[in-house]
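Structure at a glance
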Amino acid sequence: MVDVDETISILGRSFLDLVNESDRDRIAGLLSNPVAGIAFEFDFRACNGLLYHSSFVPIFDEMGVVQSLIGQSVEDITAKHQAEEVDRFLTTARASSADAFFPALARFLAQTLRMDFICIDRLDDDGLNVTTLTVWMDGQFRTNFSYELSNIPCGKTIDNKWHHVHRLKVGEKYPPTLQEFTRVDERN
């Protein structure tokens, strides 16, 4: 569940300290099972955001009383869970029109990947401008608009026929771009 370097920091801590706050109450309730002598398995989200499959087994003393618990979190199931979510989304969205599909895709990406900003565009016929098909920013949909590609990351991508994924801090890397999106949205 953690890297070897992190092992020292978890020694002496409660298992619940490693569980994401959103899952903590549910897991606390489940922990009563092995205390009552019942082994069980479950999935949970850890503080690092990853999903794990885990189990707890009660250890009994010679009188049959639960003496301790052995817990095991052996499998990171994050990728498997995300693949299942994508399959479910694509199965249900397949019948959607383009007008419904792209907003549904943006919402799905925002929720699944915890993204703050999503802009799905269509390149205009002139090759110099794009028109948004959907824009998701700060937890809500924004008004679609058109914009020029020159001097922004998307324009550089199309000119050079390469792509780049920005995983974090896009607003810090390209503040004028996001500021322009905000101004366009406020005008509409």
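For the structure, check the block above.
Rules of the game
- Residues numbered from 1 in each chain as written.
- Predicted model: local features only at pLDDT ≥ 70, side-chain atom pairs only at ≥ 80, totals over all residues.
- Heavy atoms only, no water.
- Helix = DSSP H or I, 4+ residues; strand = E, 2+ residues; numbered from the N terminus.
- Buried < 20%, exposed > 50% of the residue type's maximum accessible area, 1.4 Å probe, protein only.
- Contact = heavy atoms within 4.5 Å.
- Areas by Shrake-Rupley, 256 points an atom, 1.4 Å probe, with all protein chains shown as cover.
- Polar contact = N/O pair within 3.5 Å; in protein donor to acceptor, adjacent residues only side chain to side chain.
- Patch = residues over 30% accessible without salt bridge, like charges linked within 9 Å, V, L, I, M, F, W, Y side chains within 5 Å.
- Salt bridge = Lys/Arg side-chain N within 4 Å of Asp/Glu carboxyl O.
- Lys, Arg positive; Asp, Glu negative; His and termini not counted.
- Charge placed at Lys NZ, Arg CZ, Asp CG, Glu CD.
- Phe/Tyr/Trp six-rings, centres within 6.5 Å; stacked < 30°, edge-to-face > 60°.

**Looking at the overall build of the chain**
Scanning the chain from terminus to terminus reveals eight helices and seven strands. Scored against the burial criterion, the 188 residues of the chain give a buried share of 28%. In the chain, the share of contacts with a sequence separation of at least 24, taken over all contacts with a separation of at least 6, comes to 32%. Of the roughly 12,700 Å² of accessible surface on the chain, a fraction of 53% belongs to carbon and sulfur atoms.

**Overview of the environment of N20**
Of note, N20 is situated in the loop between α1 (7-10) and α2 (21-30). Each C-alpha atom, one on N20 and one on L50, is 9.1 Å from the other, the two residues being 30 residues apart in sequence.

**Focus: the side chain of D23**
Note that D23 resides in helix α2. A polar contact of 3.2 Å, which involves the side chain of D23, links it to the side chain of R26. Setting aside residues up to four positions removed in sequence, D23 forms contacts with D43, F44 and R45.

**What to know about a negative patch on the surface**
Together, E41, D43, E75 and D76 give the surface a local cluster of negative charge. Put simply, the parts of the chain that give the negative patch at least two residues each are β1 (40-45) and β3 (66-76). Inspection of the secondary structure puts E75 in strand β3.

**Some words on the side chain of E85**
Considering the arrangement of structural elements, one finds E85 in helix α4 (residues 78-93). Although E85 is buried, it forms no salt bridge, and the closest oppositely charged side chain is R88 at an N-O distance of 4.7 Å.

**Brief notes about the packing of aromatic side chains**
The full count for this structure, using the stated rule, is 10 aromatic pairs. With a centroid separation of 5.9 Å and 5 degrees between ring planes, the pair formed by F42 and F56 is classed as stacked. One end of the pair, F42, is in strand β1; the other, F56, is in strand β2 (residues 51-60), with 14 residues separating them in the sequence. Both rings, one in F101 and one in F102, keep their centres 5.3 Å apart while their planes meet at 75 degrees; by these two values the pair is edge-to-face. By relative accessible area, which is 24% here, F102 ends up partly exposed. Taken together, the aromatic side chains of F40, F42, F44, Y52 and F56 make up a single cluster linked through ring pairs.

**Description of the pattern of salt bridges**
Enumeration according to the criterion identifies three salt bridges in this entry. The closest approach of N and O atoms between R26 and D23, which form a salt bridge, is 3.2 Å. Of the two residues, R26 and D23 are both situated in helix α2; the distance of three residues between them amounts to about one turn of the helix. Residue D23 is classed as buried on the basis of its relative accessible area of 14%.

Purely spatial values, then, with no claim about function.
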